[in-house]
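Notes for the structure review
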Amino acid sequence: MRLLKFGAIGVTAALALTACGQGSATKEVAAPEGKSVVRYMNFSSNDGHEKDLTAIVNAFQTANPNITVQVETVPYANYFTKLQTAVAGGTAADAFELNYENFVTYAKNGSLAELEDVDSAAYKKSLYDAFTSDGKQYGVPESFSNVVLFYNKALFKKAGVAEPTAEWTWKDEQAAAAKLTDKGAKVWGDYQPVSYNEFYKVLAQNGGEFLNADRTEATFNSPQGVEAAKFLIDKVGKTMPTEADGAGTPDFDSKLFKSGKLAMWHTGIWMFAGMADAPFDWDVAVEPGNTQKASAMFVNGLVVSAASKNAEAAQKWVTFLASSDETTKTRLATSWELPPVADEAKLAPYLDQPKPANREAVFAALEETVLPPVIERQQEMQDLVTTELTSAAAGRKPVEKALADAQTKVNGLLKK
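Let us look at the structure shown here.

The rules behind the values
Residues numbered from 1 in each chain as written. Predicted model: local features only at pLDDT ≥ 70, side-chain atom pairs only at ≥ 80, totals over all residues. Heavy atoms only, no water. Phe/Tyr/Trp six-rings, centres within 6.5 Å; stacked < 30°, edge-to-face > 60°. Helix = DSSP H or I, 4+ residues; strand = E, 2+ residues; numbered from the N terminus. Buried < 20%, exposed > 50% of the residue type's maximum accessible area, 1.4 Å probe, protein only. Lys NZ or Arg CZ within 6 Å of the ring centre and 35° of its normal. Pairing = 2+ DSSP bridges. Salt bridge = Lys/Arg side-chain N within 4 Å of Asp/Glu carboxyl O. Axes fitted to C-alpha atoms, helices over the stretch in contact; angles between N-to-C directions. Parallel < 35°, antiparallel > 145°, perpendicular 65-115°, else oblique. Left-handed = near helix turned anticlockwise from the far one by under 90°. Contact = heavy atoms within 4.5 Å.

1. Some remarks on the packing of aromatic side chains
What the rule picks out here adds up to 30 aromatic pairs. Between the aromatic rings of Tyr-76 and Phe-80, the centroid separation amounts to 5.7 Å while the plane-to-plane angle is 90 degrees, which identifies the pairing as edge-to-face. Taken as a pair, Tyr-76 and Phe-80 lie in helix H2 (residues 76–89) at a separation of 4 residues, close to a single helical turn. Residue classification places Tyr-76 among the partly exposed residues on the basis of a relative accessible area of 26%. Between the aromatic rings of Phe-257 and Trp-265, the centroid separation amounts to 5.2 Å while the plane-to-plane angle is 35 degrees, which identifies the pairing as tilted. The burial state of Phe-257 is the same as that of Trp-265; both residues are buried. Of the aromatic side chains, those joined through ring pairs into one cluster are Phe-150, Phe-257, Trp-265, Phe-272, Phe-280 and Trp-282. A cation over an aromatic ring shows up here: Arg-331 above the ring of Trp-336, its NZ or CZ 4.2 Å from the ring centre.

Okay, here's the thing in structure tokens:
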């Protein structure tokens, strides 16, 4: 989802701060009389957007002269280990950044303060709702990326196939993919990786659930799940390339699309920049569903520590950082992911760019979304589901057996 880079610490804010080395904590300063100091820890400004965050901090402090923001920027590779240690030791920053997957854990374990009187109308609803837990608001969305269907307009025109619309279903997609595939010319109609990330999404598009409501049991080995897995796997070798063709190797899909050999491609909006110089006309659409739409959404949020002594000031800071005009302008000007604001008039600089023409699809996709299923042993779950699906795609076991085995293994992780 994210184009995160690892690098040295950036220390920002209008303060003279010192750091003891990469990943080290900022030196906490005493609050001037009549002022509050809000310590803020983040990863997303690391290695490229430190100055952008500084500009937002300065705008906030100008608007709120009685609050000083002290920023600590930590490389993503170290961030969550450092955060876990700080929370456990009672030294966590007043406010900090979380991706959705980690938000679920921290909201459940009592580490976050409930936010009061947040203006929910400022945010896209699906993004705002991602940071609600048990009916309480424990965070606000900060930025997002999502997945859409890229398509090569030139290939569609050459084949005489109608371009994707918002009403397309899986059947429409695959009917088009079959007509667009020309194995002799090494042109493929579709590419959608056979993986955990794609499976939980197509499962939702088929009306299935990955986990039960309280996340204690996997439920994806269902009729909806089998049909969803077959939708992915049945494409392999027919309308999309196989492992033997290079599928799954680094940058295979982007190179294939950019070379004009791929008609449709399920991938994230972070690839817009990389395709800007593609030598043909292309556009995007909301991904088709089967029984319903469900677009994959990846979202970062901002939260306040339950242990903060400056919770009110911290909430002012995180809501400013999330949805202020200064933040929106800065993000759009520097391509620092997309702001979560509901007012699309403020997004005009993004929407008005010529390529792709249908950038409205990025925001239309937020109307019906699916978030990643989250368990404590997240990476293990993702890896084993991908392994089982890959095994089925390679013909090493039937889809039904692969899905049953995957569910048994996920349930084993949930019980440990």
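Read on for the rest.
2. Some words on the environment of Gln-205
With respect to the element layout, Gln-205 can be found in helix H7 (residues 196–205). Look at Gln-205 and you get buried, because its relative accessible area is 2%. Taking the C-alpha atoms as reference points, Gln-205 and Ser-143, separated by 62 residues in sequence, lie 24 Å from one another.

3. Describing the pairing of strand E8 (residues 282–285)
In E8, alternate side chains face the same way, and those of Trp-282 and Val-284 on one face and Asp-283 and Ala-285 on the other are all buried. One ladder, built from 4 bridges, connects strand E6 (residues 140–152) with E8; its direction is antiparallel. Residue pairing across strands places Tyr-151 opposite Asp-283, the latter belonging to E8.

4. Some remarks on unusual backbone geometry
Looking along the chain, the bond that leaves Lys-355 and enters Pro-356 is cis, with omega of 0 degrees. In this fold, Pro-356 is placed in the loop between helix H12 (348–351) and helix H13 (360–364). The residue Asp-47 is not glycine, and still its phi comes out positive at about 60 degrees. Secondary-structure assignment places Asp-47 in the loop between strand E1 (36–42) and helix H1 (50–63). Accessibility expressed as a relative area gives 38% for Asp-47, which makes it partly exposed. Phi at Glu-337 is positive, roughly 50 degrees, even though this residue is not glycine. Summarising the element assignment, Glu-337 is placed in the loop between helix H11 (325–334) and H12. The class for Glu-337 is buried, based on a relative accessible area of 17%.

5. With respect to the pattern of salt bridges
Within this structure, the stated rule accounts for 18 salt bridges. Between Arg-331 and Glu-142 there is a salt bridge, with the nearest N and O atoms lying 3.2 Å from each other. Highlighted residues: Arg-331 in helix H11 and Glu-142 in strand E6, separated in sequence by 189 residues. You can call Glu-142 buried: its relative accessible area is 1%. Note that Lys-201 and Glu-198 form a salt bridge whose closest N and O atoms lie 2.8 Å from each other. Taken together, the residues span about one helical turn, with Lys-201 and Glu-198 both in helix H7 at a distance of 3 residues. Look at Lys-201 and you get buried, because its relative accessible area is 0%. Here Glu-198 falls in the buried class, since its relative accessible area comes to 8%.

6. Here's the deal with the packing of H1 against H11
In contact at an axis separation of 10 Å, H1 and H11 are set at 165 degrees when each is read in the N-to-C sense. Considering their axes alone, H1 and H11 lie roughly antiparallel with respect to each other. Considering how the two elements wind past one another, H1 and H11 form a crossing that is right-handed. Here Asp-52, Ala-55, Ile-56 and Ala-59 of H1 come into contact with H11, specifically with Glu-326, Thr-327, Thr-330 and Thr-334.

This is a description of form; function is not addressed.
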